[in-house]
Amino acid sequence: MSGLAELVGQRSVIVCCGSGGVGKTTTAAAIALRAAEEGRRACVVTIDPAKRLADALGLEALTNAPKLVEGQWPGELWALMLDTKGTFDDLVSRYAADPGQAENILTNRVYRNLSSALSGTQEYMASEKLYELHEEERFDLVVVDTPPTRNALDFIDAPRRLLRFLDNRVFRFVMTPTRTYLRAVSVATRTILRTISKVVGAEVVEDAVTFFQAFEGMEEGFRARAQRVMELLRSKDCAFVLVASPRTDTVAEALFFADKLADAGIEVQGLVVNRLHPRFPEQGPSTGPAEPRGEGGLAVLERNLADFRAVAEREESNLAVLAERVSPAPVARIPFLAGDVHDLDGLAQIADHLFG
Amino acid sequence: MDIAAWCRQARILIVAGKGGVGKTTVSASLAVMAARVGLNVLVVQLEGEGSVASALGHPGPIGYEEVVLRSEGDEGLVRARAITPDEALLEYLADHGLRAVSKRLLSSGTIDVISTAIPGIRDILVLGKVKQLERTDGADLILIDAPATGHALTFLGSAAGLVDVAKVGPIRVQASEVGDLLRDPARCQVLVVTLPEETPVNEAVETAGRLEGSVGMTLAGVVVNGRYQELEGLGANPEEAAAAVGGRLDPAHARVLREAAQFRLQRQRLQAEQADRLARSLAVPMLEVPYLFTTEIGPGEIDHLATALSEAVAGLPEPEPEAQLEPEAAAAER
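Residues numbered from 1 in each chain as written. Chains lettered and ligands numbered in written order. Predicted model: local features only at pLDDT ≥ 70, side-chain atom pairs only at ≥ 80, totals over all residues. Heavy atoms only, no water.

Details of the interface of chain A and chain B
Then comes step 1: Contact with chain A, which involves 63 residues of that partner, is made by 67 residues of chain B.
Then comes step 2: Overall, the association of chain A and chain B removes approximately 5,500 Å² of surface from exposure, summing both partners, and the carbon and sulfur fraction of that is 61%.
Then comes step 3: Summed over the three residues of chain A that lose the most area to chain B, namely Val199, Leu301 and Arg314 of chain A, the buried surface amounts to 11% of that side.
Then comes step 4: Scanning the region where chain A abuts chain B turns up two salt bridges.
Then comes step 5: A salt bridge links Glu197 of chain B to Arg275 of chain A; its shortest N-O distance comes to 2.3 Å.
Then comes step 6: Counting across the chain A and chain B interface gives eight residue pairs in polar contact (both at pLDDT 80 or more).
Then comes step 7: For the side of chain A that touches chain B, the secondary structure elements donating two or more residues are helix 6 (109-117), helix 8 (153-166), helix 9 (169-175), helix 10 (183-200), helix 11 (202-215) and helix 14 (297-326) of chain A.
Then comes step 8: For the side of chain A that touches chain B, the leading source of residues is helix 14 of chain A, giving 15 residues.
Then comes step 9: In the side of chain A that touches chain B, the residues fall into 31 nonpolar, 17 polar and 15 charged. (Contact = heavy atoms within 4.5 Å. Buried area = accessible area lost by both parts, 1.4 Å probe. Salt bridge = Lys/Arg side-chain N within 4 Å of Asp/Glu carboxyl O. Polar contact = N/O pair within 3.5 Å; in protein donor to acceptor, adjacent residues only side chain to side chain. Helix = DSSP H or I, 4+ residues; strand = E, 2+ residues; numbered from the N terminus. Nonpolar A, V, L, I, M, F, W, Y, C, P; charged D, E, K, R; others polar.)

Here's the deal with the sheet that holds strand 8 (residues 331-335) of chain A
Residue and element names in this part refer to chain A.
Then comes step 1: Taken in spatial order, the eight strands line up as 3-4-2-5-1-6-7-8 in an open sheet, and their pairing is mixed. Lying at the two open borders of the sheet, with one neighbouring strand each, are strand 3 (67-69) and strand 8. Geometrically, the sheet is characterised by an average inter-axis angle of 25° between neighbouring strands, direction not taken into account.
Then comes step 2: Contacting strand 3, strand 4 (76-81), strand 7 (268-276) and strand 8, helix 15 (residues 344-355) runs over the sheet at an angle of about 135° to strand 8. (Pairing = 2+ DSSP bridges. Axes fitted to C-alpha atoms, helices over the stretch in contact; angles between N-to-C directions.)

Comments concerning the sheet that holds strand 4 (residues 76-82) of chain B
All names here are of chain B.
Then comes step 1: Spatial strand order, 3-4-2-5-1-6-7-8: eight strands in an open sheet with mixed pairing. The sheet is open, and its two edges are formed by strand 3 (67-72) and strand 8 (286-290), each paired on a single side. Sheet twist, expressed as the mean angle between neighbouring strand axes with direction ignored, is 20°.
Then comes step 2: Bridge count for strand 7 (residues 219-227) against strand 8 is five bridges, and the pairing is parallel. If you follow Arg227 over to strand 8, its bridge partner there is Pro290.
Then comes step 3: On top of the sheet, helix 10 (residues 198-215) reaches strand 6 (188-194) and strand 7; it is set at about 165° to strand 6, its chief contact.
Then comes step 4: Together, strand 6, strand 7 and strand 8 form the strand contacts of helix 12 (residues 251-281), whose direction differs from that of strand 7 by roughly 175°.

Concerning the pattern of salt bridges
Then comes step 1: Summed over the entire model, instances satisfying the criterion amount to 32 salt bridges over all chains.
Then comes step 2: Of the charged contacts in the structure, one is a salt bridge between Arg8 of chain B and Asp140 of chain B, with a shortest N-O distance of 3.6 Å. Taken as a pair, Arg8 of chain B in the loop between helix 1 (3-7) and strand 1 (12-16) and Asp140 of chain B in the loop between helix 7 (121-136) and strand 5 (141-145) lie far apart in primary sequence, 132 residues in all.
Then comes step 3: What makes Arg8 of chain B partly exposed here is its relative accessible area of 48%.
Then comes step 4: A salt bridge links Arg187 of chain B to Glu134 of chain B, with the shortest nitrogen-to-oxygen separation between them at 2.9 Å. Note that Arg187 of chain B is positioned in the loop between helix 9 (170-183) and strand 6 and Glu134 of chain B in helix 7, a separation of 53 residues in sequence.
Then comes step 5: When salt bridges that share partners are traced, they join Arg279, Glu315, Glu316 and Arg333 of chain A into one network. (Buried < 20%, exposed > 50% of the residue type's maximum accessible area, 1.4 Å probe, protein only.)

Some points on the nonpolar core
Then comes step 1: Of all hydrophobic cores here, the largest spans 130 residues; its most connected members are Val200, Phe211, Phe222 and Leu242 of chain A together with Ile14 of chain B.
Then comes step 2: It is helix 11 of chain A that provides the largest number of residues to this core, a total of eight residues.
Then comes step 3: Sequence-distant contacts of Leu242 of chain A, defined by excluding residues within four places in its chain, comprise Cys17, Gly18, Ala254, Phe257, Ala258, Val268, Gly270, Leu271, Val272, Leu322 and Val326 of chain A. (Core = buried A, V, L, I, M, F, W, Y, C linked by side-chain atoms within 4.5 Å.)

Some points on the environment of Glu91 of chain B
Residue and element names in this part refer to chain B.
Then comes step 1: Note on placement: Glu91 falls in helix 4 (residues 85-95).
Then comes step 2: Placed eleven residues apart in sequence, Glu91 and Ser102 show a C-alpha to C-alpha distance of 9.1 Å.
Then comes step 3: Not counting chain neighbours up to four residues away, the residues in contact with Glu91 comprise Tyr64, Lys129 and Gln132.
Then comes step 4: Of note is the side chain of Glu91, whose polar atom sits 2.9 Å from the side chain of Lys129.

Overview of unusual backbone geometry
Residue and element names in this part refer to chain A.
Then comes step 1: A cis amide bond, omega 5°, links Ser327 with the succeeding residue Pro328.
Then comes step 2: With a phi close to 65°, Glu137 is a non-glycine residue in the positive phi region.
Then comes step 3: We note that Arg275 has phi near 60°; this positive angle belongs to a residue other than glycine.
Then comes step 4: Relative to the assigned elements, Arg275 resides in strand 7.
Then comes step 5: Residue Arg275 is classed as partly exposed on the basis of its relative accessible area, which comes to 29%.

Digging into the packing of aromatic side chains
All names here are of chain A.
Then comes step 1: One pass over the full model with this rule turns up 15 aromatic pairs over all chains.
Then comes step 2: Measuring from centroid to centroid gives 6.2 Å for Phe280 and Phe308, while their planes differ by 65°, and the two rings are edge-to-face. Linking Phe280 in the loop between strand 7 and helix 14 with Phe308 in helix 14, this pair joins segments that are 28 residues apart in sequence.
Then comes step 3: Given a relative accessible area of 0%, Phe308 falls into the buried group. (Phe/Tyr/Trp six-rings, centres within 6.5 Å; stacked < 30°, edge-to-face > 60°.)

Have a look at this one:
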């Protein structure tokens, strides 16, 4: 059994990470499909699928609940297109003391902007959704396609960044005037806020203060949950699969990803390289002119072959560096396919290459 | 079309495109093309990574301080600098009497709170800095290597969003001035970079539509990167072609020659279909940049691509002189 097949058979969470445009979404969907074919109950969480692939998976719009994909396989295949805001709303409702507190937060302008404006929110909600699905135990395997960030750590760091936001001291001081020992700080802080008001408008500062007031008491629940999400991502249940293309620039980004994951104590468990040009084997000597000359004819055919061999050679040397870095992770190679994947047959074809 | 005239259509040219389409390579090639026809070009990078600079052989990342990357002839110059949201913000705060507290606002995370309360504020400050460069920098052309992935739309749409949120105050003024800049085709246009493949073409059409529609920008064109150059005679039979020059091929070698030719023909056909689809979907000039088989992208390859881009621009039709339109309009009125 190949390395990737082992991950699909044994892990309960697979995170597909990598830079934009390398085929993460398709890879994630193909992995989930294979799991279903192996009899597992699999769910793929996608971030931004191309329209026709979304259609093939029955995803017409953002949803917060997985949808069952119909097909002939012993297991189950479910798909979900992440609704960042909806996921966040659910989280707020879960940790609010009562419906009133949830309502206060959900209608606040700062909160409404949180999902679109705070960097990392989408990443956080992807990991939150992953955790939620994992906990539900309706699925044996959750495969998640990460947002196309430059930095792999955004995905892991996001919960911490949001907590830092919710912990903001300047605003906390303002809303807790009863803590008299903080009064001195609070006066200085008020001065800062007054100055900010002049630049951005008092209304904005007011909204922010209201937001933090509404959130009072909920941070603990958030913090504890974020901690559990982090633990899941670092546990043996979870495997990170790095997706790349063999182009020099994307390999450089993939190396950067691998380093960042290693810094966070996470090993890459699999490498998927998409869009490889074909390999044309070297042949025995031909009898004929050693150097085909002239325009057209044989010279064109030889030049074309030489072009592709040069590409293949460059791809191999790029790939060797990457494979070495993530060693002993298994490497799956997927060739340049004739067209984009927009149906389950196309996904099955990708899966055949992945698990070949 | 005259290359210098094409480069001078607007002072500011924003290069946008999803990740992985070669936006940085195209930006570097555009800069070299413009410098060759004597323009003074300033490349502005928005992500702090020295990518355009490194494509042009500059070691290491570039920062807020300007660096000269290339000079061409007597006049032509490519300079580069980076603008990051944090630097633009600190500068803005200092300009508004908040220098003393600006570091603390940044380190305490208060800036995060403010920029969440007002989404787009960081983008507007970066664009505000670009607007300032338009006024203070002597460049003939300011090329902006826009943020990758899906952020370009958010980034460029920030002005409109902010005018709605901030009713009064300096931020509103800034946002409305940036909006004026983006919507004025004499000052600023956008170039969308894509690949001749299905998903990138779909995304380019969508991005172009939204930039023109909701942001109100003018498209200078679309660049199709990575197009295989047509090779004549790929359909030839290898054995016959060898016989024609007095040789005989090992059958296995003949087979790989045929397979390689078929692969290229197939890709050329797919690329042509996608390029045609793009041309039908967008009524703007389309510039093609060839796929490079042989080497890594470095300064030499950028030169090669700049030449290809120059040929593509030179092949565009001359714009209709406006003087010709006016008498017709006048006649219509009469």
